[in-house]
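The primary structure of each chain is shown beneath.
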Amino acid sequence: LSSMRGEIVRSSLTVAMLLSGLMLLVLLAVTSRLTVPIRQLAAIMRRAQDGSRDERAALAGTSEIVAMQRAFNTMMEVLQSRGEAIAEARDRALEQGVALDQALRSAIELAKAKDEFASTVSHELRTPLNGVIGMLDLVSEMELGNKQHEYVRTARSSADMLLSLINDILTF
């Protein structure tokens, strides 16, 4: 009886050890199925955090882990498309800035040309017109008939209006 009892205890311990080993293997397999995809996702997230925008998670594991991986992939797609949109907007803004700079330079050159033209035209028109006005003043001081004085006053008035018009045009 005592030998049988020892045999039963040894058998029970052997079965218990085998079952414990089997349970340990099952437990390792289950935890591996859970932890390996989570570790892989965490590694991908670290690379994304470090600046890699092309990271995507492989879909594997339980449904909850797959849902997290899908959410991560969707987030990365959104970040990548926003980054591309920002880059395109920046490029357009730079192109517009270049175009505005060219337009400004062109406007400055046109303003300089206008100033040079106005200065030249001012001298070329005012000088002879002032000569005509001066001669009309001299003629008006001469002894003339009433009709001739009226002609000189009309010519002087016309010359004054023309000089005023030239001044208005050139100051515009």
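Residues numbered from 1 in each chain as written. Predicted model: local features only at pLDDT ≥ 70, side-chain atom pairs only at ≥ 80, totals over all residues. Heavy atoms only, no water.

Moving on, we get to the confidence of the model for the chain. In the predicted model, the chain carries a mean pLDDT of 91, and 99% of its residues have values of at least 70. Within the chain, no element has a lower average pLDDT than helix H3 (residues 146–171), which sits at 90, and none a higher one than helix H2 (residues 63–140), at 92. (pLDDT = per-residue confidence, 0-100. Helix = DSSP H or I, 4+ residues; strand = E, 2+ residues; numbered from the N terminus.)

Once that is clear, we can look at the side chain of Asn73. Relative to the helices and strands, Asn73 resides in helix H2. Residue class for Asn73 comes out buried when judged on its relative accessible area of 14%. From its side chain, Asn73 meets the backbone nitrogen of Ala57 in a polar contact 2.6 Å long. If we skip the residues at most four places from it in the chain, Asn73 touches Arg56, Ala57 and Leu59. (Buried < 20%, exposed > 50% of the residue type's maximum accessible area, 1.4 Å probe, protein only. Polar contact = N/O pair within 3.5 Å; in protein donor to acceptor, adjacent residues only side chain to side chain. Contact = heavy atoms within 4.5 Å.)

Counting 10 residues, the largest nonpolar core is built from Ala118, Val121, Leu129, Ile133, Leu136, Val152, Ala159, Leu163, Ile166 and Leu170. Of all the secondary structure elements, the ones that give two or more residues to this core are H2 and H3. Not counting residues within four places of it along the chain, the set of residues in contact with Ile133 comprises Arg156, Ala159, Asp160 and Leu163. Listed in part, the 6 residues of the second largest apolar core include Leu41, Ile44, Ala48 and Phe72. (Core = buried A, V, L, I, M, F, W, Y, C linked by side-chain atoms within 4.5 Å.)

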